[in-house]
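Residue strings, one per chain:
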Amino acid sequence: QVQLVESGGGMVQAGGSLRLSCTASGIMFFSINAMGWYRQAPGKQRELVATITSGGVTNYADSVKGRFTISRDYAKNTVALQMNSLKTEDTAVYSCNLVNKIGSEYWGQGTRVTVSS
(Lines give C-alpha, C1' and ligand atoms only; values in the text may rest on other atoms or scores of the structure.)
Protein backbone atom coordinates (compact mmCIF):
# COMPACT_ATOMS: atom_id res chain seq x y z
CA GLN A 1 0.00 0.00 0.00
CA VAL A 2 1.56 3.24 -1.17
CA GLN A 3 1.23 6.10 1.28
CA LEU A 4 2.28 9.71 0.92
CA VAL A 5 2.76 11.86 4.00
CA GLU A 6 3.23 15.59 3.62
CA SER A 7 4.64 18.10 6.07
CA GLY A 8 5.73 21.71 6.15
CA GLY A 9 2.60 23.67 5.48
CA GLY A 10 1.62 26.67 7.54
CA MET A 11 1.08 30.38 7.53
CA VAL A 12 3.58 32.92 6.27
CA GLN A 13 3.58 36.55 5.23
CA ALA A 14 3.88 37.53 1.61
CA GLY A 15 7.50 37.46 0.51
CA GLY A 16 8.35 34.69 2.93
CA SER A 17 9.36 31.09 2.36
CA LEU A 18 8.10 27.63 3.20
CA ARG A 19 9.41 24.17 2.47
CA LEU A 20 7.04 21.28 1.89
CA SER A 21 8.15 17.68 2.15
CA CYS A 22 6.49 14.44 1.12
CA THR A 23 7.64 10.95 2.03
CA ALA A 24 6.47 7.91 0.12
CA SER A 25 6.23 4.50 1.75
CA GLY A 26 5.20 1.14 0.40
CA ILE A 27 7.05 1.57 -2.88
CA MET A 28 10.64 1.22 -4.00
CA PHE A 29 12.27 4.26 -5.58
CA PHE A 30 12.91 2.44 -8.86
CA SER A 31 9.16 1.86 -9.24
CA ILE A 32 8.42 5.58 -9.20
CA ASN A 33 7.96 7.36 -12.52
CA ALA A 34 7.38 10.83 -11.15
CA MET A 35 6.49 12.76 -8.05
CA GLY A 36 5.10 16.21 -7.74
CA TRP A 37 2.98 18.82 -6.06
CA TYR A 38 -0.45 20.08 -6.95
CA ARG A 39 -2.54 22.71 -5.22
CA GLN A 40 -6.15 23.68 -4.89
CA ALA A 41 -7.19 27.12 -3.82
CA PRO A 42 -10.69 27.79 -2.43
CA GLY A 43 -13.24 27.79 -5.21
CA LYS A 44 -10.72 26.73 -7.85
CA GLN A 45 -9.73 23.53 -9.56
CA ARG A 46 -6.64 21.63 -8.57
CA GLU A 47 -3.61 22.68 -10.59
CA LEU A 48 -0.11 21.40 -11.16
CA VAL A 49 2.62 23.21 -9.25
CA ALA A 50 5.73 21.19 -10.05
CA THR A 51 6.76 17.67 -10.96
CA ILE A 52 10.02 15.78 -11.14
CA THR A 53 10.60 12.54 -13.01
CA SER A 54 12.77 9.60 -12.04
CA GLY A 55 15.36 11.03 -14.37
CA GLY A 56 15.34 14.37 -12.63
CA VAL A 57 13.42 16.30 -15.28
CA THR A 58 11.38 19.06 -13.67
CA ASN A 59 8.27 20.88 -14.79
CA TYR A 60 6.79 23.98 -13.20
CA ALA A 61 3.62 25.97 -13.52
CA ASP A 62 4.36 29.34 -15.08
CA SER A 63 3.04 31.06 -11.97
CA VAL A 64 5.76 29.56 -9.75
CA LYS A 65 8.76 29.49 -12.06
CA GLY A 66 11.73 31.21 -10.51
CA ARG A 67 10.18 31.11 -7.05
CA PHE A 68 9.61 27.41 -6.33
CA THR A 69 12.10 24.56 -6.58
CA ILE A 70 11.21 20.87 -6.54
CA SER A 71 13.76 18.25 -5.54
CA ARG A 72 13.89 14.55 -4.77
CA ASP A 73 15.88 12.42 -2.38
CA TYR A 74 15.81 9.00 -4.04
CA ALA A 75 17.33 7.19 -1.10
CA LYS A 76 14.69 8.52 1.29
CA ASN A 77 11.80 8.42 -1.20
CA THR A 78 11.00 12.04 -0.53
CA VAL A 79 10.12 15.00 -2.66
CA ALA A 80 10.43 18.56 -1.43
CA LEU A 81 9.09 21.87 -2.64
CA GLN A 82 11.01 24.97 -1.63
CA MET A 83 8.72 27.96 -1.96
CA ASN A 84 10.27 31.42 -1.93
CA SER A 85 8.84 34.88 -2.50
CA LEU A 86 5.40 33.60 -1.62
CA LYS A 87 2.39 35.56 -2.77
CA THR A 88 -1.13 35.68 -1.39
CA GLU A 89 -2.29 33.86 -4.52
CA ASP A 90 -0.15 30.88 -3.50
CA THR A 91 -2.60 30.20 -0.69
CA ALA A 92 -3.99 26.71 -1.22
CA VAL A 93 -3.97 23.13 -0.06
CA TYR A 94 -0.87 21.49 -1.51
CA SER A 95 -0.99 17.79 -2.25
CA CYS A 96 1.81 15.40 -3.03
CA ASN A 97 1.39 13.16 -6.06
CA LEU A 98 3.18 10.00 -7.14
CA VAL A 99 2.88 8.06 -10.39
CA ASN A 100 4.47 4.65 -10.61
CA LYS A 101 5.96 2.96 -13.67
CA ILE A 102 2.65 1.32 -14.62
CA GLY A 103 0.71 4.56 -14.38
CA SER A 104 -1.00 4.14 -11.04
CA GLU A 105 -1.43 7.43 -9.23
CA TYR A 106 -1.37 8.19 -5.52
CA TRP A 107 -2.13 11.29 -3.48
CA GLY A 108 -1.23 12.60 -0.08
CA GLN A 109 -3.78 14.04 2.29
CA GLY A 110 -2.74 17.62 1.59
CA THR A 111 -1.14 20.35 3.62
CA ARG A 112 -2.47 23.89 3.87
CA VAL A 113 -0.39 26.89 2.93
CA THR A 114 -1.69 30.33 3.83
CA VAL A 115 0.10 33.46 2.67
CA SER A 116 -1.04 36.68 4.30
CA SER A 117 -0.54 40.19 2.99
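Residues numbered from 1 in each chain as written. Predicted model: local features only at pLDDT ≥ 70, side-chain atom pairs only at ≥ 80, totals over all residues. Heavy atoms only, no water.

**Overview of the overall build of the chain**
Here's step 1: When you go through the chain residue by residue, the secondary structure sums to 0 helices and 11 strands.
Here's step 2: Each helix (α) and strand (β) of the chain, taken in turn from the N terminus, gives the series β-β-β-β-β-β-β-β-β-β-β.
Here's step 3: Seen along its three principal axes, the alpha-carbon backbone of the chain occupies a region of about 40 × 25 × 25 Å.
Here's step 4: Evaluated residue by residue, the chain yields a buried proportion of 43% over its 117 residues.
Here's step 5: Restricting to contacts in the chain with at least 6 residues of sequence separation, those with at least 24 account for 54%.
Here's step 6: Accessible area of the chain: about 6200 Å², with a carbon and sulfur share of 49%.
Here's step 7: Once the 11 positive and 7 negative side-chain charges of the chain are each reduced to a mean point, those two points are 2 Å apart. (Helix = DSSP H or I, 4+ residues; strand = E, 2+ residues; numbered from the N terminus. Buried < 20%, exposed > 50% of the residue type's maximum accessible area, 1.4 Å probe, protein only. Contact = heavy atoms within 4.5 Å. Areas by Shrake-Rupley, 256 points an atom, 1.4 Å probe, with all protein chains shown as cover. Lys, Arg positive; Asp, Glu negative; His and termini not counted. Charge placed at Lys NZ, Arg CZ, Asp CG, Glu CD.)

**Notes on the nonpolar core**
Here's step 1: Core analysis: the largest hydrophobic core is formed by 30 residues, its most contacted members being Met35, Trp37, Leu81, Met83 and Tyr94.
Here's step 2: Going through the elements one at a time, strand 3 (18-25), strand 4 (32-40), strand 5 (47-53), strand 7 (68-73), strand 8 (78-83), strand 9 (92-100) and strand 11 (111-116) are the ones with two or more residues in this core.
Here's step 3: Excluding residues that lie within four positions of it along the chain, methionine 35 makes contacts with Leu4, Cys22, Ala24, Thr51, Ile52, Ile70, Arg72, Asn77, Val79, Cys96, Asn97 and Leu98. (Core = buried A, V, L, I, M, F, W, Y, C linked by side-chain atoms within 4.5 Å.)

**A closer look at the environment of asparagine 84**
Here's step 1: Within the element layout of this structure, asparagine 84 appears in the loop between strand 8 and strand 9.
Here's step 2: In sequence terms asparagine 84 and valine 5 are 79 residues apart; their C-alpha atoms lie 22 Å from each other.

**Section: the packing of aromatic side chains**
Geometrically, a pair of aromatic rings is defined through the distance of the ring centres and the angle of the planes.
Here's step 1: Here the structure, examined in full by the defined rule, presents 2 aromatic pairs.
Here's step 2: Seen in terms of ring centroids, tyrosine 38 and tryptophan 107 are 5.1 Å apart; in terms of plane orientation they differ by 70°. Their pairing is edge-to-face. Taken together, the residues span a long stretch of sequence, with tyrosine 38 in strand 4 and tryptophan 107 in strand 10 (residues 105-107) at a distance of 69 residues.
Here's step 3: Of note, arginine 46 hangs over the ring of tryptophan 107, and the distance from its end group to the ring centre comes to 3.7 Å. (Phe/Tyr/Trp six-rings, centres within 6.5 Å; stacked < 30°, edge-to-face > 60°. Lys NZ or Arg CZ within 6 Å of the ring centre and 35° of its normal.)

**Notes on the sheet that holds strand 7**
Here's step 1: Strand order across the open sheet formed by 4 strands is 1-3-8-7, with antiparallel pairing between neighbours. If you trace the sheet from one side to the other, it starts and ends with strand 1 (3-7) and strand 7, each paired once. Between one strand axis and the next, the sheet turns by 15° as a mean value, whatever way the strands run.
Here's step 2: Two elements, strand 1 and strand 3, share 5 bridges in a ladder whose sense is antiparallel. (Pairing = 2+ DSSP bridges. Axes fitted to C-alpha atoms, helices over the stretch in contact; angles between N-to-C directions.)

**Some words on the pattern of salt bridges**
Here's step 1: Here the structure, examined in full by the defined rule, presents 4 salt bridges.
Here's step 2: Salt-bridge contacts for arginine 39 lead to glutamate 47; the nearest nitrogen and oxygen are separated by 2.7 Å.
Here's step 3: In this structure, the salt-bridge partner of lysine 65 is aspartate 62, at a minimum N-O distance of 3.1 Å.
Here's step 4: Salt bridges sharing common partners tie together Arg39, Glu47, Arg67 and Asp90. (Salt bridge = Lys/Arg side-chain N within 4 Å of Asp/Glu carboxyl O.)

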